[in-house]
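Structural description and commentary
Each chain, letter by letter, is given below.
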Amino acid sequence: MKKLLLVTVIAVFSVATLQAQTFKIGATLGLPVADASDISTFVLGIDAYYYFTDIDAFIEIGATAGFRNFFGDDIEILGQTVSVDDGQFLPIAAAGRVKIFGLLSGGLDIGYALGINDGNDGGFYVRPVVGFDIADTIELNASYESITDDGVTWGNLNVGVLFEF
């Protein structure tokens, strides 16, 4: 299943590079929520987007890939302090946005986040996003990310910046 997903994503990004109208790259900073808040302190991430549509289109459709690091916390179990390892993910998703007045945008990234660290299988990835464009080159955004597998949810509320090319 993961191999098929990876081959599909590579094919989508290969076609995207031939037809891409917009490329965005940026970073996020987040606070863990859901199950992740019990074992991690904060989240850092990077993202890259290819949009097949023009930057000023009402509807933007594309693909995204990124990296998320949930920094592990020290927790107490039966009187012993245990350091939790970082949770690391590689989200790969389809991305869609609706842009209003050329400044405000809202949309959804949906796909799969591959688990990178040991014992992490990854899971279903969804990220609703709200953004604000500054001078057609910078997007400030806020979002909620959720990576869910077998009833465990790695979630985070984050803010980020994307630079548009």
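Residues numbered from 1 in each chain as written. Predicted model: local features only at pLDDT ≥ 70, side-chain atom pairs only at ≥ 80, totals over all residues. Heavy atoms only, no water.

What follows is about the pattern of salt bridges. All told, the structure shown has nine salt bridges when counted by the stated rule. For Lys24, the salt bridge identified is with Glu139, shortest N-O distance 2.7 Å. With Lys24 in strand 1 (residues 22-34) and Glu139 in strand 9 (residues 138-149), the pair connects residues that are 115 residues apart, well separated along the chain. Relative accessible area serves as the criterion here: at 1%, Lys24 is assigned to the buried category. Asp47 is the salt-bridge partner of Arg127, the closest N and O atoms lying 3.4 Å from each other. Linking Arg127 in strand 8 (residues 123-134) with Asp47 in strand 2 (residues 40-51), this pair joins segments that are 80 residues apart in sequence. (Salt bridge = Lys/Arg side-chain N within 4 Å of Asp/Glu carboxyl O. Helix = DSSP H or I, 4+ residues; strand = E, 2+ residues; numbered from the N terminus. Buried < 20%, exposed > 50% of the residue type's maximum accessible area, 1.4 Å probe, protein only.)

On to the environment of Asp35. When you line up the elements, Asp35 lands in the loop between strand 1 and strand 2. Judged by its relative accessible area of 34%, Asp35 is partly exposed. As a C-alpha pair, Asp35 and Gly155 span 120 residues in sequence and 7.2 Å in three-dimensional space. Every residue in contact with Asp35, bar those within four places of it in the chain, is listed here: Gly151, Val152 and Thr153. Of note is the side chain of Asp35, whose polar atom sits 2.8 Å from the backbone nitrogen of Thr153. (Contact = heavy atoms within 4.5 Å. Polar contact = N/O pair within 3.5 Å; in protein donor to acceptor, adjacent residues only side chain to side chain.)

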